[in-house]
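Listed below, chain by chain, are the residues.
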Amino acid sequence: ILLRGMQQASEADDEHKRIEHHKLNAMLGFCELTTCRREALMRYFGDRIEPPCGNCDNCLEPVETWDATEAARKALSCVYRTGQRFGVQYVIDVLLGKMNERIERSGHERLSTFGIGSDVDRREWRSVFRQLVSRGLLRVDLEGYGSLLLTPESRPVLRGEAEVRLRRDARLAPRRRVRARGAAASRARPLPGESEALWEALRERRRELAASQGVPPYVIFHDASLKEMAEHRPRTLEEFATIPGVGEKKLNRYGRVFVELIRAHG
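Owing to the predicted nature of the structure, the values given are computational and were not obtained by experimental measurement.

1. Section: the overall build of the protein
Then comes step 1: Within the protein, the secondary structure is distributed over 15 helices and 4 strands.
Then comes step 2: Going through the 266 residues of the protein one by one, you find that 36% of them count as buried.
Then comes step 3: For the protein, long-range pairs separated by at least 24 residues make up 62% of all intrachain contacts whose partners lie at least 6 apart in sequence.
Then comes step 4: Within the structure as shown, the protein displays about 15900 Å² of accessible surface, and the carbon and sulfur contribution to it stands at 51%.

What follows is the structure in structure tokens.
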């Protein structure tokens, strides 16, 4: 958000702003990768490695993904049918069936892809396109005003011969406000008897994770967060995200492990 604001406020010419905008999108796409990060970096420099490195965060702890094959085919098909002459925002407008002067002037409201992506919101489509670029299924023509171009790797997907799985963004529930002394109060408050066993199980799981990563237990979660888990027993990732001390990074890294443990305790 900060970088986008700096770009918009910049006194640079439009071409420079456009290039910086696509560089930022490329960085975001790299963050959203579900596949080996080293593979992506090597591909960026025109090289390839096989098999995946086995050492990056995605290789060591695979992230939650969704079957985006249909969405990817819609996106790639829309890029093709609009002539590979337009950028992300325009293609998303066509997918969403948004009528505007540019689309009407180009006659793209008559395309078979017009409006076929209305079941996905604009934010999610932007993520899909960023990830398709990072995966090498699309590339951005920086000399052609940011037009999206198909790559040879996109053909199997368009022909229905390959599956595409993309990173699923965690939908975080609104956070509860924590009182200034909430953490201290949580540490001091005794747990009900039925939560004591779960509390000990949570501490043991935290200890195992800390030992495997070579870090102190509090780096995983503080006691106050574990007590909140034991008391409120979140059973979904959305509920788990409301626990004080659970940020997006820890939600993605530890959420499923702790939610499954809580479910196992009934």
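2. Concerning the side chain of Ser-154
Then comes step 1: You can see Ser-154 is positioned in the loop between β3 (147-150) and α9 (155-158).
Then comes step 2: For Ser-154, a relative accessible area of 1% gives the class buried.
Then comes step 3: Within the structure, Ser-154 has its side chain in polar contact with the backbone oxygen of Thr-151 (distance 2.6 Å).
Then comes step 4: What Ser-154 contacts, discounting residues up to four positions off in sequence, is Leu-76 and Leu-137.

3. Points about the nonpolar core
Side chains of a nonpolar character, in soluble globular proteins, are inclined to be buried together.
Then comes step 1: Residues Val-91, Trp-125, Phe-129, Leu-132 and Val-164 are the most contacted members of the largest nonpolar core, which totals 26 residues.
Then comes step 2: Elements represented by at least two residues in this core include exactly α5 (69-81), α6 (88-96) and α8 (122-134).
Then comes step 3: Sequence-distant contacts of Phe-129, that is, excluding residues within four places in its chain, are made with Ala-75, Val-79, Val-88, Val-91, Ile-92, Leu-95, Leu-138 and Leu-148.
Then comes step 4: Judged by nonpolar contacts, the second largest core, of 21 residues, contains Leu-198, Ile-220, Phe-240 and Phe-258.

4. Side note on the side chain of Ser-147
Then comes step 1: Checked against the element boundaries, Ser-147 lands in strand β3.
Then comes step 2: At 3.2 Å, the side chain of Ser-147 forms a polar contact with the backbone oxygen of Arg-85.
Then comes step 3: Every residue in contact with Ser-147, bar those within four places of it in the chain, is listed here: Gln-84, Arg-85, Phe-86, Gly-87, Arg-139, Val-140 and Asp-141.

5. Overview of the packing of α5 against α6
Helices that pack against each other are described as a pair by the angle of their axes relative to one another and the distance between those axes.
Then comes step 1: Axis separation between α5 and α6 bottoms out at 10 Å; the angle between their running directions is 110°. Of the possible angle classes, the one that applies to α5 and α6 is roughly perpendicular. Here α5 runs over α6; the crossing is right-handed. When α5 is examined against α6, the residues Lys-74, Ala-75, Cys-78 and Val-79 are found in contact with a partner set consisting of Val-91, Val-94 and Leu-95.
Then comes step 2: Considering only residue class, the contact of α5 with α6 consists of 6 nonpolar, no polar and 1 charged.

6. A few points about helix α15 (residues 248-264)
Then comes step 1: End to end, α15 covers 23 Å across 17 residues, agreeing with the expected 24 Å (1.5 Å per residue, within 8%).
Then comes step 2: Taking the largest bend as the criterion, α15 deviates by roughly 60°, centred on Tyr-254.
Then comes step 3: Looking one or two residues past α15, Gly-266 carries a phi angle of roughly 75°, positive in sign.

7. Let's talk about the packing of aromatic side chains
Then comes step 1: The final tally for this structure, using the stated rule, is 6 aromatic pairs.
Then comes step 2: Ring centres of Trp-125 and Phe-129 lie 6.1 Å apart, and the angle between their planes is 45°; on these two criteria the pair is classed as tilted. Taken together, the positions of Trp-125 and Phe-129, both in helix α8 and 4 residues apart, correspond to about one turn of that helix. One exposure class covers both Trp-125 and Phe-129, and it is buried.
Then comes step 3: Seen in terms of ring centroids, Phe-221 and Tyr-254 are 5.9 Å apart; in terms of plane orientation they differ by 65°. Their pairing is edge-to-face. Pair noted here: Phe-221 is in the loop between α12 (217-220) and α13 (223-232) and Tyr-254 is in helix α15, with a separation of 33 residues, a long-range link.
Then comes step 4: An aromatic cluster is defined as three or more aromatic residues linked by ring pairs; in this entry it consists of Phe-221, Phe-240, Tyr-254 and Phe-258.

8. Section: unusual backbone geometry
Then comes step 1: Its identity as a non-glycine residue notwithstanding, Gln-84 has a phi of 55°, on the positive side.
Then comes step 2: The phi angle at Arg-233 is positive, at roughly 45°, despite the residue not being glycine.
Then comes step 3: Take Arg-233: it is sitting in the loop between α13 and α14 (237-240).

9. Thoughts on helix α3 (residues 37-44)
Then comes step 1: Listed in full, the buried residues belonging to α3 are Arg-37, Ala-40 and Met-42.
Then comes step 2: Looking at the buried residues of α3, the elements they touch are α2 (14-31), α4 (57-60) and β4 (165-167).
Then comes step 3: Note on α3: the residue one or two positions beyond its end, Gly-46, has a positive phi of about 80°.

10. Topic: the environment of Cys-31
Then comes step 1: With respect to the helices and strands, the residue Cys-31 is situated in helix α2.
Then comes step 2: In this structure the C-alpha to C-alpha distance between Cys-31 and Ser-134, which are 103 residues apart in sequence, comes to 9.2 Å.
Then comes step 3: If sequence neighbours within four positions are ignored, Cys-31 has contacts with Arg-37 and Arg-167.

Reading guide: rules and limits
Residues numbered from 1 in each chain as written. Predicted model: local features only at pLDDT ≥ 70, side-chain atom pairs only at ≥ 80, totals over all residues. Heavy atoms only, no water. Helix = DSSP H or I, 4+ residues; strand = E, 2+ residues; numbered from the N terminus. Buried < 20%, exposed > 50% of the residue type's maximum accessible area, 1.4 Å probe, protein only. Contact = heavy atoms within 4.5 Å. Areas by Shrake-Rupley, 256 points an atom, 1.4 Å probe, with all protein chains shown as cover. Polar contact = N/O pair within 3.5 Å; in protein donor to acceptor, adjacent residues only side chain to side chain. Core = buried A, V, L, I, M, F, W, Y, C linked by side-chain atoms within 4.5 Å. Axes fitted to C-alpha atoms, helices over the stretch in contact; angles between N-to-C directions. Parallel < 35°, antiparallel > 145°, perpendicular 65-115°, else oblique. Left-handed = near helix turned anticlockwise from the far one by under 90°. Nonpolar A, V, L, I, M, F, W, Y, C, P; charged D, E, K, R; others polar. Expected span 1.5 Å × (residues − 1). Bend = angle between axes of the 7 residues up to and from the residue. Phe/Tyr/Trp six-rings, centres within 6.5 Å; stacked < 30°, edge-to-face > 60°.

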